[in-house]
Amino acid sequence: MRYLTVALAKGRLAEHAMDIFTAIGVDCAEMKEKSRKLVFTDEKSKMKFILVKASDVPTYVEYGAADIGIVGKDTLLEESRNIYEMVDLSFGACNMCVCGKPELKGKLSGMPHLKVASKYPAIAKRYFQDDKGQTIEIIKLNGSVELAPLVGLADVIVDIVETGETLRENGLDVLEVVCPLSARVVVNKVSMKMERGRILDLIKKFTKKTQ
Ligand code: PRP
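Residues numbered from 1 in each chain as written. Predicted model: local features only at pLDDT ≥ 70, side-chain atom pairs only at ≥ 80, totals over all residues. Heavy atoms only, no water.

**Q** Looking at this structure, I do not really get the site of the ligand. What am I missing?
**A** Taken together, 13 residues lie around the ligand, and K119, E146, D159, T163 and T166 are the ones closest in. A distance of 2.4 Å separates an oxygen atom of the ligand from a polar atom in the side chain of K119. When the ligand sits alone it has 490 Å² of accessible area, and the protein chains cover 70% of it. Counting only elements with at least two residues in the shell around the ligand, the list comes to β9 (156-161) and α7 (165-169). In terms of residues, the shell around the ligand owes the most to one element, β9, which gives 3 residues. In the shell around the ligand, the residues fall into 2 nonpolar, 5 polar and 6 charged. (Near = heavy atom within 4 Å. Polar contact = N/O pair within 3.5 Å; in protein donor to acceptor, adjacent residues only side chain to side chain. Areas by Shrake-Rupley, 256 points an atom, 1.4 Å probe, with all protein chains shown as cover. Helix = DSSP H or I, 4+ residues; strand = E, 2+ residues; numbered from the N terminus. Nonpolar A, V, L, I, M, F, W, Y, C, P; charged D, E, K, R; others polar.)

The following block contains the structure:
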């Protein structure tokens with residue numbers, strides 16, 4: 001039997017996924033230890049796990065370097081890869097939002113040349129330009145996006161809001177909700193043909209533990 005390889009998005013999603021894999025009998029003990037190791041093997045279940053940056057999970061899965069991936073819907077919307085999105089796992093629930101200073105609430109559509117900072121330029125562009133027909137300038141950032149409206153780099157941001165704590169601590173508010181997000185299981189299209197039974201069985205067991 002060949003190994004099934006699962007790509008996990010490093011961070012909160014990977015940790016949650018490891019707990020669920022442990023609950024269905026996969027040995028994740030080594031993976032849970034803090035180390036710089038990136039590949040883990042469980043001989044008993046014939047599974048390999050790779051820990052990758054969230055935005056790279058769809059790439060590993062599309063090219064077949066991983067058969068399965070567990071990643072946030074935000075990454076899937078931003079990356080638009082040729083992979084199967086199989087299941088909404090419901091954990092990691094949060095919202096993609098337009099955020100900014102509270103005084104901008106209800107005023108965005110009347111603002112020409114809106115400057116929008118985001119780690120998610122494709123999502124921001126689709127929301128403003130395609131859905132709302134509003135021309136915007138997008139400024140791509142890689143983190144601490146909440147800083148942009150505070151220092152005048154952008155009028156608003158498009159970013160994930162989970163607890164709302166980062167916004168509160170920086171005097172910002174949700175101005176509009178773009179869409180809800182959560183963790184998803186994705187599968188490589190060839191793997192789905194070659195290992196259909198094993199993959200569906202794994203997803204079924206995994207999903208049961210998330211409910
Ligand atoms: C994410 C997101 C927000 C924050 C939202 O950032 O981009 O900044 O979490 O969470 P909250 O609503 O619970 O405060 P992350 O922690 O990934 O760090 P980053 O800003 O450096 O990307």
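**Q** Just to check I follow, could you spell out a positive patch on the surface for this structure?
**A** A surface patch of like charges, here positive, comprises K10, R36, K53, K119 and K140. Structurally, the position occupied by K53 is in the loop between β3 (47-52) and α3 (57-62). We classify K53 as exposed; its relative accessible area is 56%. (Patch = residues over 30% accessible without salt bridge, like charges linked within 9 Å, V, L, I, M, F, W, Y side chains within 5 Å. Salt bridge = Lys/Arg side-chain N within 4 Å of Asp/Glu carboxyl O. Lys, Arg positive; Asp, Glu negative; His and termini not counted. Charge placed at Lys NZ, Arg CZ, Asp CG, Glu CD. Buried < 20%, exposed > 50% of the residue type's maximum accessible area, 1.4 Å probe, protein only.)

**Q** Explain the nonpolar core here, please?
**A** Nonpolar side chains in soluble globular proteins tend to end up buried together. In this structure, L8, F21, F49 and F206 are the most contacted members of the largest nonpolar core, which totals 30 residues. Elements supplying a minimum of two residues to this core: β1 (4-9), α1 (12-23), β3, β4 (68-72), β11 (183-187) and α9 (196-210). The greatest single-element share of this core, amounting to 6 residues, is contributed by α1. Other than its neighbours up to four places away in sequence, L8 contacts A14, A17, M18, F21, M31, F49, I50, L51, V52, V57 and I70. Counting residues in hydrophobic clusters, the runner-up holds 18 residues, among them M96, V98, L104 and L108. (Core = buried A, V, L, I, M, F, W, Y, C linked by side-chain atoms within 4.5 Å. Contact = heavy atoms within 4.5 Å.)

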